[in-house]
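Each chain, written out:
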Amino acid sequence: QVQLVESGGGLVQPGGSLRLSCAASGFTFSAYAMSWYRQAPGKERELVASITRDGGRTNYINSVKGRLTISRDNGKNTVYLQMNSLKPEDTAMYYCKASAITTWGQGTQVTVSS
């Protein structure tokens with residue numbers, strides 16, 4: 001059974017940092033590219049960042065380039081999202097997802113506010 005468990009969200013002031021984690025189980029983690037998505041209230045879910053199976057290549061949407069960094073540890077079946085210089089517009093529920101697998105986790109809430 002595929003499971004994705006996100007954690008690490010919270011309330012942070014603008015300019016602050018958070019590190020999100022996503023623990024995966026029930027599939028061969030190293031065989032799948034991984035992504036982080038986010039969904040803000042009243043908006044559609046959007047792809048934020050992706051990483052290849054071996055972690056050698058990453059992609060980001062323009063609005064987070066230089067501030068968010070996706071990484072993975074295949075030995076721990078975990079994908080991370082390091083979030084720096086956070087802005088109020090980063091406020092959203094954040095989800096991880098494996099490519100070609102339809103399962104979503106419960107998400108972790110990130111709120112950026114003073």
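It should be noted that the structure appears before, not after, this text.
Residues numbered from 1 in each chain as written. Predicted model: local features only at pLDDT ≥ 70, side-chain atom pairs only at ≥ 80, totals over all residues. Heavy atoms only, no water.

Asks: It is not clear to me how the side chain of Thr108 should be interpreted in this structure. Could you clarify?
Replies: By the secondary structure assignment, Thr108 is in strand 10 (residues 108-112). A distance of 3.0 Å separates a polar atom in the side chain of Thr108 from the backbone nitrogen of Gly9. Those residues in contact with Thr108 that sit more than four places away from it in its chain are Glu6, Ser7, Gly8, Gly9, Leu20, Ala92, Met93 and Tyr94. (Helix = DSSP H or I, 4+ residues; strand = E, 2+ residues; numbered from the N terminus. Polar contact = N/O pair within 3.5 Å; in protein donor to acceptor, adjacent residues only side chain to side chain. Contact = heavy atoms within 4.5 Å.)

Asks: What should I look at first to understand unusual backbone geometry in this one?
Replies: For residues besides glycine, phi is generally negative; the peptide bonds are generally trans as well. One non-glycine residue, Ser85, adopts positive backbone phi at about 50 degrees. Phi at Ala100 is positive, roughly 65 degrees, even though this residue is not glycine. Its location among the elements puts Ala100 in the loop between strand 9 (92-98) and strand 10. According to the relative accessible area criterion, Ala100 is exposed, its value standing at 77%. (Buried < 20%, exposed > 50% of the residue type's maximum accessible area, 1.4 Å probe, protein only.)

Asks: Before we go on, may I ask you to explain the sheet that holds strand 8 (residues 78-83) in this structure?
Replies: Note: strands within a sheet are paired through backbone hydrogen bonds, in either parallel or antiparallel orientation. Spatial strand order, 1-3-8-7: four strands in an open sheet with antiparallel pairing. Edge positions in the open sheet fall to strand 1 (3-7) and strand 7 (68-73), since each of these has one partner strand only. For this sheet, the mean inter-axis angle between neighbouring strands, taken without regard to orientation, is 15 degrees. The pairing of strand 3 (residues 18-25) with strand 8 spans six bridges and is classified as antiparallel. What sits directly across from Leu20, in strand 8, is Leu81. (Pairing = 2+ DSSP bridges. Axes fitted to C-alpha atoms, helices over the stretch in contact; angles between N-to-C directions.)

Asks: Hey, could you run me through the state of the cysteines in this one?
Replies: Defined simply, a disulfide is a covalent bond joining two cysteines at their sulfur atoms. All told, the structure shown has one disulfide when counted by the stated rule. The disulfide partner of Cys22 is Cys96, and the S-S distance across this bridge is 1.8 Å. Here the residue Cys22 occupies a position in strand 3, and Cys96 occupies one in strand 9, the gap between them amounting to 74 residues. (Disulfide = S-S within 2.5 Å.)

Asks: Teacher, can you tell me more about the environment of Trp104 here?
Replies: Along the chain, Trp104 turns up in the loop between strand 9 and strand 10. In this structure Trp104 comes out as partly exposed when scored by relative accessible area, which is 33%. Taking the C-alpha atoms as reference points, Trp104 and Val5, separated by 99 residues in sequence, lie 8.8 Å from one another. Apart from residues lying up to four places away in sequence, Trp104 is in contact with Tyr37, Arg45, Tyr95, Cys96 and Lys97.

Asks: Can you help me understand the nonpolar core in this one?
Replies: One recurring pattern in soluble globular proteins is that nonpolar side chains are buried together. Ranked by internal contacts, the top residues of the largest apolar core, which has 28 residues, are Trp36, Val79, Leu81, Met83 and Tyr94. Among the elements of the structure, strand 3, strand 4 (34-39), strand 5 (46-51), strand 7, strand 8, strand 9 and strand 10 are those that each provide at least two residues to this core. Excluding its chain neighbours within four sequence positions, the residues that come into contact with Tyr94 are Glu6, Leu20, Trp36, Tyr37, Arg38, Leu81, Met83, Gly107, Thr108 and Val110. (Core = buried A, V, L, I, M, F, W, Y, C linked by side-chain atoms within 4.5 Å.)

This is a description of form; function is not addressed.
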